[in-house]
Amino acid sequence: MKRYVEPDRALWADLCQRAMNDDAVIDARVSNIIDNVRRNGDAAIRELALSIDKVSLDALEVSASEMAEAALSVDDKVKESIKTAIENICKFHRAQQFQPVEVETTKGVRCVQRAVPIQRVGLYIPGGTAPLFSTVLMLAVPAKVAGCKEVVLCTPTNKEGKVAPTVLYAASMCSIDHIYKVGGAQAIAAMAYGTETIAPVDKIFGPGNRYVTKAKEQVSRKVSIDMPAGPSEVMVVADETSVPAFVASDLLSQAEHGADSQVMLVCSNEKIADAVEEETMIQLEQLPRKDLTCKALENSRTIVLSKIDDQIAFANQYAAEHLILSVRDPWAVAEKITAAGSVFIGNYSPESAGDYASGTNHTLPTSGWARSCSGVNVDSFTRKITYQELTKEGIDNLGECIITMACAEGLDAHANAARIRIMKK
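Quick look at the structure, then. (Residues numbered from 1 in each chain as written. Predicted model: local features only at pLDDT ≥ 70, side-chain atom pairs only at ≥ 80, totals over all residues. Heavy atoms only, no water.)

As for the sheet that holds strand β7 (residues 203-205)
For clarity, the threshold we go by: Only strands that DSSP links by at least two bridges are regarded as paired with each other. Strands here mean DSSP runs of E at least two residues long; helices mean DSSP runs of H or I at least four residues long; both are numbered from the N terminus.
Strand order in this open sheet of five strands is β6-β5-β4-β7-β8, and the pairing throughout is parallel. Each having just a single partner strand, β6 (178-180) and β8 (224-225) make up the two edges of the open sheet. In this sheet, β7 lies alongside strand β4 (residues 120-124) in parallel orientation, the contact comprising three bridges. Pairing of G122 across the sheet is with I204, part of β7.

This is how it looks when you write it as structure tokens:
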């Protein structure tokens, strides 16, 4: 990790930069994949699976027998952990359910707001080097809590054409309606536009590689997506009360996601930086994904800022996906954080708790989008509809206001819609 000591504020913007992922070649490839799926449906899905993943797919949908086989192969301890995680995620997300709003704004004018679930949602679950069955829980549980009528899931297979058993078991525990063996940009295209087997959805959720991210961006003109996405990231703010081994473990837990992940340490002096760096090297040697993790650390930074106000200001400018506060009074610092996907308070709150089982959601805004976007929650799976009812008394009381404003805008028909009702005896 590159170290910067008391960097001038003029340099902060550069220090907050993520790895640049723009690639015209990927843009073009994704456009071609989407167009192919739109035109050729299931045939395109099979062709792409064969050419890209070297997998020959017979049926696109996971069968009941495959589900049963997967359930038998998942370790009982993993099953119990999934059960605990579902309970906690469900408990936290149920508490987020929207309460209807009903207000009489003027005598005889009633305004109402209600949450309505999105009818059909599609979840994308990455495969690759680490099939993320935890993401199944993070997306499917709030979808079910919100009351979505149909939840479908797309995920890639291994070279034998099989989906990771843990992903299938997690999906079964969340009562997913349909599971399809489709990965990459073609999965996003299929959920957006539909094929003979896969019906189009109203909104797409889930992380993925650069092809998946670009596909979500391109289809967002047709279907809603959860949020802009980029490589995973964590920032740890640490002072002399932090535990260097804990801090190092959090940095490494995020760095192991992939070579383009980014981890940031913001600390109050170089002694802390030295201790964390030493622990990071010790723990790194024990990791099976050491090579991948090392590449992520090359794109990562240590920022030494002696003043807590500067640390907070830098954290808000960076707007981390995950922000860990390993400081003396973490809640006081947390109150001043205005941009973060999810905040972890104190020395005993590892980022992995939020990734798996504390109950909060791990599908979070990256690449600075935490300044304007929230992580996935129950609201992500609903729409808010407003209603208004005016009685005769209501239009009599509000009508002149409506007429005056409509006339001021030069919209006479608008004004007449109120006037004609006022005149009605």
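Examining the pattern of salt bridges
Note on pairing: side chains with opposite charge can pair once their charged atoms come close. This is how it is decided: By convention in these notes, a salt bridge is any Lys or Arg side-chain nitrogen within 4 Å of a carboxyl oxygen on Asp or Glu. Partly exposed describes any residue whose relative accessible area lies between the buried limit of under 20% and the exposed limit of over 50%, with all areas from a 1.4 Å probe on protein chains only and scaled to the type maximum.
Throughout the structure, instances matching the rule amount to 21 salt bridges. The shortest N-O distance in the salt bridge between D27 and K214 comes to 3.1 Å. With D27 in helix α2 (residues 24-52) and K214 in helix α8 (residues 210-219), this pair connects stretches of sequence that are 187 residues apart. Taking the relative accessible area as the measure of exposure, D27 reaches 28% and is therefore partly exposed. By relative accessible area, which is 13% here, K214 ends up buried. A cluster of three or more residues bridged by salt bridges with shared partners is formed by R3, E270, D274 and E277.

Here we look at the nonpolar core
Selection rule: For this analysis, a nonpolar core means a set of buried residues of the types Ala, Val, Leu, Ile, Met, Phe, Trp, Tyr and Cys, connected via side-chain atoms within 4.5 Å. Residue contacts follow a heavy-atom distance rule, with two residues in contact if any of their heavy atoms lie within 4.5 Å.
Core analysis: the biggest nonpolar cluster contains 38 residues, and V121, L123, L137, I176 and F381 have the highest contact counts within it. Those elements that provide at least two residues to this core are α4 (76-94), β4, α5 (133-146), β5 (150-154) and α6 (165-173). Of the residues forming this core, the biggest block, nine residues, is contributed by α5. Residues in contact with V121, not counting those within four places in the same chain, are A143, C148, E150, V151, V152, V201, K203, F205 and F381.

Observations regarding the state of the cysteines
Formally, a disulfide is one covalent bond, and it connects the sulfur atom of one cysteine to the sulfur atom of another. Our working rule: We call a pair of cysteine sulfur atoms a disulfide when they lie within 2.5 Å.
In the structure shown here, the tally under the stated rule is zero disulfides. You can see C111 has no disulfide; the closest cysteine sulfur is in C401, sitting 12 Å from it. Sulfur of C373: no disulfide; nearest cysteine sulfur belongs to C16 and is 17 Å away.

A word on the pairing of strand β2 (residues 101-106)
Among the six residues that make up β2, zero are buried, leaving the element largely open to the surroundings. In the sheet, β2 pairs with strand β3 (residues 109-117) via five bridges, with the strands oriented antiparallel. In the strand pairing of β3, V103 is matched with C111. In this antiparallel pair of consecutive strands, β2 and β3, the connection spans two residues, and G108 shows a positive phi of 90°.

Observations concerning the packing of helix α3 (residues 64-73) against α6
As a reminder of what qualifies: Comment: axis = line fitted to C-alpha atoms, over the contacting stretch for helices; angle = value between 0 and 180 degrees taken between N-to-C directions. Oblique is the label for any angle not covered by the other classes, which are roughly parallel (under 35 degrees), roughly antiparallel (over 145) and roughly perpendicular (65 to 115). In the scheme used here, Gly and all other residues not listed as nonpolar or charged are polar, with Ala, Val, Leu, Ile, Met, Phe, Trp, Tyr, Cys and Pro taken as nonpolar and Asp, Glu, Lys and Arg as charged.
It is at 8 Å that the axes of α3 and α6 come closest, and there the two elements cross at 105°. Taken together, the axes of α3 and α6 lie roughly perpendicular to each other. Contact with α3, carried on its side by E66, M67, A70, A71 and S73, involves P165, L168, Y169 and S172 of α6 and no other residues of that element. Here the contact of α3 with α6 is composed, by residue class, of six nonpolar, two polar and one charged.

Observations concerning the pairing of β3
Two strands pair when backbone bridges link them, and β3 and strand β14 (residues 382-390) are joined in this way by nine bridges, in the antiparallel orientation. Considered in β14, the bridge of R114 is made with I385.

Here's the deal with helix α10 (residues 270-284)
At 3.6 residues per turn, the α-helix brings residues three or four places apart onto the same side. Rules: Take the number of residues in a helix, subtract one, and multiply by 1.5 Å to get its expected span. Under this definition, polar contacts are N or O atom pairs within 3.5 Å; protein pairs additionally need one hydrogen-donor-capable and one acceptor-capable atom, and for neighbouring residues in sequence, both atoms have to be side-chain atoms.
The end-to-end C-alpha distance of α10, which contains 15 residues, comes to 20 Å, matching closely the 21 Å that a straight helix rising 1.5 Å per residue would cover. Tucked into the core, α10 has its buried residues touching β1 (2-5), β9 (233-238), α9 (244-255), β10 (262-267), α11 (290-298) and β11 (301-304). Looking at where α10 begins, the residue whose side-chain oxygen comes 3.0 Å from the main-chain nitrogen of K271 is N269.

Describing the side chain of D226
Here D226 is to be found in the loop between β8 and β9. Reaching out from D226, the side chain makes a polar contact with the side chain of K216 at a distance of 2.7 Å. In this structure D226 touches K203, I204, F205, G206, K216, T363 and V376, once residues within four positions along its chain are discounted.

What to know about unusual backbone geometry
Not every positive phi belongs to a glycine, and S175 is a case in point at roughly 55°. Among the secondary structure elements, S175 is positioned in the loop between α6 and β6. By relative accessible area, S175 is classed as partly exposed at 46%. Here the phi dihedral of S367 falls at roughly 55°; this positive angle occurs in a residue that is not glycine. Looking at the secondary structure, you find S367 in the loop between α14 (351-356) and β14.

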